[in-house]
Amino acid sequence: MFKHVIVRRPGRSLIEGITSANLGKPDYNRALQQHDGYIDTLKNRGVKVKILEAEEQFPDAVFVEDTAVLTERCAIITNPGALSRQGEEITIKEALKEFYTNMETITAPGTLEGGDVMRVGDHFYVGLSDRTNEDGFRQFAGILNKYRYTASTVKLEKFLHLKTGLAYLENNNLLVAGEFVEHEEFKKFKRIIIDETEGYAANCIWVNDAVLVPMGYPKTRAAISKAGYNVIEVDVSEFRKLDGGLSCLSLRF
Ligand code: GLY
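This is a predicted model, so every value here is computed, not measured.

Criteria and cut-off values
Residues numbered from 1 in each chain as written. Predicted model: local features only at pLDDT ≥ 70, side-chain atom pairs only at ≥ 80, totals over all residues. Heavy atoms only, no water. Salt bridge = Lys/Arg side-chain N within 4 Å of Asp/Glu carboxyl O. Helix = DSSP H or I, 4+ residues; strand = E, 2+ residues; numbered from the N terminus. Expected span 1.5 Å × (residues − 1). Buried < 20%, exposed > 50% of the residue type's maximum accessible area, 1.4 Å probe, protein only. Polar contact = N/O pair within 3.5 Å; in protein donor to acceptor, adjacent residues only side chain to side chain. Pairing = 2+ DSSP bridges. Axes fitted to C-alpha atoms, helices over the stretch in contact; angles between N-to-C directions. Contact = heavy atoms within 4.5 Å. Near = heavy atom within 4 Å. Areas by Shrake-Rupley, 256 points an atom, 1.4 Å probe, with all protein chains shown as cover.

### Topic: the pattern of salt bridges
Opposite charge on two side chains lets them pair, provided their charged atoms get close.
Thinking step 1. According to the stated counting rule, one finds 22 salt bridges in the structure shown.
Thinking step 2. The shortest N-O distance in the salt bridge between arginine 9 and aspartate 36 comes to 2.9 Å. Taken as a pair, arginine 9 in the loop between β1 (4–8) and α1 (28–43) and aspartate 36 in helix α1 lie far apart in primary sequence, 27 residues in all.
Thinking step 3. The shortest N-O distance in the salt bridge between glutamate 65 and arginine 252 comes to 3.0 Å.

### Side note on α1
Given 3.6 residues per helical turn, the α-helix brings residues three or four places apart onto the same face.
Thinking step 1. Under the 1.5 Å per step criterion, the end-to-end length of α1 is 23 Å for 16 residues, consistent within 8% with the ideal 22 Å.
Thinking step 2. Taken together, the buried positions of α1 are occupied by Tyr28, Ala31, Leu32, Gln34, His35, Tyr38, Ile39, Thr41 and Leu42.
Thinking step 3. The distance from a side-chain oxygen at the start of α1 to the backbone nitrogen of asparagine 29 is 3.1 Å, and the residue carrying that oxygen is aspartate 27.

### A look at the sheet that holds strand β5 (residues 103–105)
Thinking step 1. An order of β3-β4-β5 is seen for the three strands of this open sheet, with the pairing classed as mixed. Since the sheet does not close on itself, it has two edges, and those belong to β3 (68–70) and β5, each with one partner. In this sheet, neighbouring strand axes are inclined to one another by 20° on average, regardless of whether the strands run parallel or antiparallel.
Thinking step 2. Looking at chain direction, β3 and strand β4 (residues 75–77) are connected through three bridges and run antiparallel. Note that in β4 the partner of valine 69 across the bridge is isoleucine 76.
Thinking step 3. Packed on one face of the sheet, helix α3 (residues 134–146) meets β3, β4 and β5 and runs near 160° to β5.

### Regarding the site of the ligand
Thinking step 1. Around the ligand, the surrounding shell consists of Ile18, Asp60, Phe63, Arg85, Arg131 and Leu242.
Thinking step 2. For the ligand, a nitrogen atom lies 2.8 Å from a polar atom in the backbone of isoleucine 18.
Thinking step 3. At 2.7 Å, a side-chain N or O of arginine 85 approaches an oxygen atom of the ligand.
Thinking step 4. Within the complex, the protein chains bury 98% of what would otherwise be the 200 Å² of accessible surface of the ligand.

Structure below.
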């Protein structure tokens, strides 16, 4: 169960964030409202939410998940692969000092973004993507081994991040979309296959026995509900315009 969540308020520079989505620029005020709704939903799941101030010099800084990977035994501060995002991790590291004494760091030439990391028990799957490279993985796996965790790689073909197409919902249940539907590595899970018309909805998060699902994806909502979960819809449409989603918007630990 998670006790804490860290989020960062979107800055006005959000509209300049990196995107491949072709959905237009996000509306800043609507993004703020959606961020409020996201925070309220998390608070209702019984977690304490620490809200960091916006960082205008980093348009994508609202997507805090990419800047750290948090476990019970250590915090690993990443080195984001997107050049314009390098430096977002500095204030995250500061914020984490309140919670962690064991802090580790991924350093250049290694790059790694938290969106490429999916935890299943004590194992961490790491997407090799445009944002996370072999050296980043090598450093990350070395750190994890030191803390008695394991890690393995998954080569990405099209997705931005590993968790663009996968979400682990605990109890061996895994949401799979697109290039991961036929991936051998994931056939051992109870797979919930995301309909190809709802690909964005693969980015869900399990939070303390409920699953947060992006608003507007009824097939996904029904499939997760059928698997026995309490499903909560959250509107993150403005963040979708920047290829971001429910997982990217928080660090949960
Ligand atoms: N816009 C989020 C990202 O590309 O990292």
